[in-house]
Amino acid sequence: MIILGIETSCDETAVCVIEANGPLEGAEIIICANITLSQARMHAPYGGVFPNLAKREHIKNLPIILKEILRKAKINGEKPKVDAIAVTYGPGLEPCLWAGITFAKTLAEKWSVPIVPVNHMEGHIFSALLRRKENPKHEARSTKHFGFRISSLEFPAVALLVSGGHTELDLMEDYGKYRLIGETRDDAVGEAFDKVARLLGLPYPGGPEISRLAERMRTSASVLPSLVLPRPMLHSPDYDFSFSGIKTAVLYLLKKIGAPSEQIKAEIAREFEDAVTEVLVSKTKRALREYGAQTLIVAGGVIANTHIRSEFGKLAAEEGITLLIPELSHTTDNALMIAVASYATVMNKVEGLPALETIRADGTAKISERNN
Ligand code: KG4
Ligand code: ZN
């Protein structure tokens, strides 16, 4: 089936067209066209996403991107050959979510196709499940662009989701069946990266900036004792996280130092990255063991981070389990992950898809309820 995916939960306006075929496990996914337009530069002066500005940009850009997507996917015309529209309904910024949903509804009515509402965090999970087909050279020569498959999963799986708005550990017992086992009690990891970057005078979004600075320091010896940061909740008996304390520790450190040199800033960036990574890896490791996980899924914008990716690679190797992690280009928000996740919904739903009028934005939507 041909799916048009739309993602507007934050500051990326993203649209794609995929062709998905076969049973969910091992399903073939062909990306016919995929565009992500980032508004990051526009929000940089505010040091974060300004929701109404983001909404306005989504509304302005969606029709332009759609036109280009349909042209690229070679399905333009009065009634393009689309079988379903996948759209993010939450979590995210509600004005932004509504921009995508309203746009999707207009198209659905015009083209007489159903809408599949997708949870953004489940989208991130599916970004990690996409693996390139074994024969990329052949694929590259064909008229369609890239061929992927949805990985078959060995359950139970533990999923660590780390983005700008969320940090959570979920136990996944089957496709679409999640149990929340831990989450942040304050800042999300990406949010902490962005706030610490701001304290260090780096532009928004801060994650990539901190990562770049920290990488420069990876070859040098361990960090100066005076720059050591806390590892909050490292030994707490639950699977919850807390990152605002590390940010506050950076704030006090900078107050004490006064005007930090570029060298000191880079050392702080590295120490911050190390502190966050240690906590994430340690809690995930414990969850893997306690729940007897066969698979580890890590996803969300923060998984673009080189150091964090490599530490999770080591963890999975040590534990002898499969690691599923998105390709770099699929880590931050995109429409591909939404379209792919919608295929799982379509394949799993027995009772059919929701009526258009019942689809609403839900800024705090969850994929699972907490029960531990
Ligand atoms: O998943 P995402 O694109 O949007 C949300 O759903 O929130 O995640 C964005 C977050 C931002 O906080 C950004 O700073 C962070 O991911 N991020 C990174 C890196 N690239 C993006 N954090 C650490 N290292 C990176 N390389
Ligand atoms: Zn996201």
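Quick notes on the rules
- Residues numbered from 1 in each chain as written.
- Chains lettered and ligands numbered in written order.
- Predicted model: local features only at pLDDT ≥ 70, side-chain atom pairs only at ≥ 80, totals over all residues.
- Heavy atoms only, no water.
- Near = heavy atom within 4 Å.
- Polar contact = N/O pair within 3.5 Å; in protein donor to acceptor, adjacent residues only side chain to side chain.
- Areas by Shrake-Rupley, 256 points an atom, 1.4 Å probe, with all protein chains shown as cover.
- 1 Å grid on protein atoms, 1.4 Å probe; cavity = no way out; pocket = protein on both sides within 12 Å on 5 of 7 lines; lining within 4 Å.
- Sits in = over half its atoms within 2 Å of the grid points.
- Helix = DSSP H or I, 4+ residues; strand = E, 2+ residues; numbered from the N terminus.
- Nonpolar A, V, L, I, M, F, W, Y, C, P; charged D, E, K, R; others polar.
- Domains from an automatic or database assignment.

Chemist: Looking at this structure, I do not really get the site of ligand 1. What am I missing?
Modeler: If you check the shell around ligand 1, you find 18 residues, and the closest are His124, Gly164, Asp194, Gly301 and Asp333. Take His124: an N or O atom from its side chain is 3.0 Å from an oxygen atom of ligand 1. Within the backbone of Gly165, one N or O atom sits 3.4 Å away from an oxygen atom of ligand 1. Compared with its free state, where it exposes 550 Å², ligand 1 has 90% of that area covered by protein. In this structure, ligand 1 is accommodated by the largest pocket. For the shell around ligand 1, the secondary structure elements donating two or more residues are helix 4 (120-129), helix 6 (189-199) and helix 7 (206-217). Residue classes in the shell around ligand 1 are distributed as 5 nonpolar, 11 polar and 2 charged. Each of two domains, domain 1 (2-152 + 328-369) and domain 2 (157-324), supplies a minimum of three residues to the shell around ligand 1.

Chemist: It is not clear to me how unusual backbone geometry should be interpreted in this structure. Could you clarify?
Modeler: With the exception of glycine, the majority of residues adopt a negative phi angle, and the majority of peptide bonds are in the trans configuration. Residue Pro91 is reached from Gly90 by a cis peptide bond, and omega for that bond is -5°. Residues Tyr204 and Pro205 are joined by a peptide bond in cis, for which omega reads -5°. Along the chain, Pro205 falls in the loop between helix 6 and helix 7. With a phi angle near 60°, Met233 is a residue other than glycine that sits in the positive phi range. Tracing the chain through its elements places Met233 in the loop between helix 7 and helix 8 (244-257).

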